[in-house]
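Letter by letter, the chains look like this.
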Amino acid sequence: MPPAVYIVGLGIFTQGTSEFMLSGLLPGMADDLGVSVPDAGLLISAFAVGMVVGAPLLAVATLGWPRRTALVSLQAAFVVAHVVGALAPGYAVLFVSRVVGALAYAGYWGVAVATAVALVPAAAKARAVAVVAGGLTLATIVGVPAGTVLSQYSSWRAAFWAVAAATVVSLVCTLLVVPGGRGEGERPSVGAELRGMARPQLWLSYAVTAFAFGAVIVTFSYLAALLTKVSGVPEGWVPVVLALFGVGGLAGIVIGGRTGQTRPLGTLGIGLGALAVFSALLALTAHVTALVVVLVFLLGLAGYVTNPALQSRVFTLAPDAPTLVGATNTAAFNVGNTVAPLLGGLAIDAGYGYASVAWVGSGLAVAGVAGVLWAAHLQRSGPGRAAAPTLPRTAVTAREPAKAEA
């Protein structure tokens, strides 16, 4: 695997830490800014909305740039947003800085995945995507707990400074390692990329992405409350159990990186089916502490084993839109990240309790399985097969045609 792939994964790690770290910072932020915890929680929603809007928008805006230039510029904007956030005198400035940071991070995601795919042959495409996506998994295992601890010993602003500093390190590594320019024969065009996006199978894949990520994030969003209020886990052990979820996610990424290339639809179907079962079991046995801990690990495993296939398959479905297709997939992930926790909150407010969010996750996973079955039907019937030509020279060498199923 080229070192540059790991460097763009490092960029996802540093920025992804900011995406999720607010869950451990909200009480201190609310006290410092003089707002309620729910109002502080809107900063998380602001970031997610910025991701949905920013991914395709920034992909188009930077389409003609050399990929290294785009990556560095987006990281620089992210750093500036976090410096402003760390110095923010009040809630409004911090809110705006979160939106700007999310826009930059969303753009980085799209360019990072396209860069990784372009640097490796077809046989390594899903593994390269797994490395990049693994940066986000490591952020949940290492970055988020570290930010929480730092805020406890200093303040939430220290966590923002740490993310900015780590992103600067990543930016320098990008300048030193990621190749400049684009591959031979690449002539990026907004019109060509938009035409490449006009495939029904592609948009079905985006729907599966939203269902798949929503299915895991809805339970994760309320997992701390479920553990303490239903499962009887002491508060001091909650970070350990959350880290166990991240370890399961990392294992899922590794497995999915190997199976997602050769059997993408099979990986998606099995992963989402397992996620539906594990979520339902969690809802039914939420009061059994030992079993819940095991299920948290399995949720991470099943939830993230699909990630490489979700990320890489869209490049096979739309090979002539290598930048916009990945950016829109990032937006699809964040549609799930935005809508699913809202559905979980509605279930809790309706009086069904914290365990009900796992039922929501199970339902979303079942919807994802239905989407995968539909995609498999389209592929067998002919139009889906026609919609998935081999990857262009930007991502695959002529001597190494794509061997994965669509």
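Up top you'll find the structure we're talking about.
These numbers come from a predicted model, not from an experiment.

Here we take up the layout of surface pockets. Here the second largest pocket is characterised by a volume of approximately 290 Å³. Elements represented by at least two residues in the lining of the second largest pocket include exactly helix H1 (3-21), helix H6 (125-153) and helix H11 (238-262). For the lining of the second largest pocket, the leading source of residues is H6, giving six residues. Looking at the lining of the second largest pocket residue by residue, the classes come out as 10 nonpolar, four polar and two charged.

What follows covers empty space enclosed by the protein. Within the structure shown, the criterion is met by six cavities of 30 Å³ or more. By volume, the largest cavity is sized at about 140 Å³. Along the wall of the largest cavity there are 14 residues; nearest its centre are Trp109, Leu136, Phe213, Gln311 and Phe333. Put simply, the parts of the chain that give the lining of the largest cavity at least two residues each are H6, helix H14 (307-317) and helix H15 (324-352). Class assignment for the residues of the lining of the largest cavity results in eight nonpolar, five polar and one charged.

Together, Val168, Val172, Leu175, Leu176 and Val177 make up an exposed nonpolar region whose accessible area comes to about 430 Å². Structurally, Val177 can be placed in helix H7 (residues 156-177). Owing to a relative accessible area of 35%, Val177 belongs among the partly exposed residues under this scheme.

On to helix H9 (residues 200-221), then. In an α-helix, one full turn covers 3.6 residues, which means residues spaced three or four apart are oriented alike. Compared with the 32 Å implied by 1.5 Å per residue over 22 residues, the 31 Å span of H9 between its first and last C-alpha is a close match. The sharpest bend along H9 measures roughly 25° and falls at Gly214. The buried count for H9 comes to 16 of 22 residues, which makes it a mostly enclosed element.

Under the counting rule described, the total for this entry stands at nine aromatic pairs. Centre to centre, the rings of Phe213 and Phe333 are 5.4 Å apart; their planes meet at 75°, and the pair counts as edge-to-face. Highlighted residues: Phe213 in helix H9 and Phe333 in helix H15, separated in sequence by 120 residues. By relative accessible area, Phe333 is classed as buried at 8%. Taken together, the ring pairs connect Phe47, Phe78, Tyr105 and Trp109 into an aromatic cluster.

Cut-offs applied
- Residues numbered from 1 in each chain as written.
- Predicted model: local features only at pLDDT ≥ 70, side-chain atom pairs only at ≥ 80, totals over all residues.
- Heavy atoms only, no water.
- 1 Å grid on protein atoms, 1.4 Å probe; cavity = no way out; pocket = protein on both sides within 12 Å on 5 of 7 lines; lining within 4 Å.
- Points joined across faces, edges and corners; volume = space filled by probe spheres on them.
- Helix = DSSP H or I, 4+ residues; strand = E, 2+ residues; numbered from the N terminus.
- Nonpolar A, V, L, I, M, F, W, Y, C, P; charged D, E, K, R; others polar.
- Patch = residues over 30% accessible without salt bridge, like charges linked within 9 Å, V, L, I, M, F, W, Y side chains within 5 Å.
- Areas by Shrake-Rupley, 256 points an atom, 1.4 Å probe, with all protein chains shown as cover.
- Salt bridge = Lys/Arg side-chain N within 4 Å of Asp/Glu carboxyl O.
- Buried < 20%, exposed > 50% of the residue type's maximum accessible area, 1.4 Å probe, protein only.
- Expected span 1.5 Å × (residues − 1).
- Bend = angle between axes of the 7 residues up to and from the residue.
- Phe/Tyr/Trp six-rings, centres within 6.5 Å; stacked < 30°, edge-to-face > 60°.

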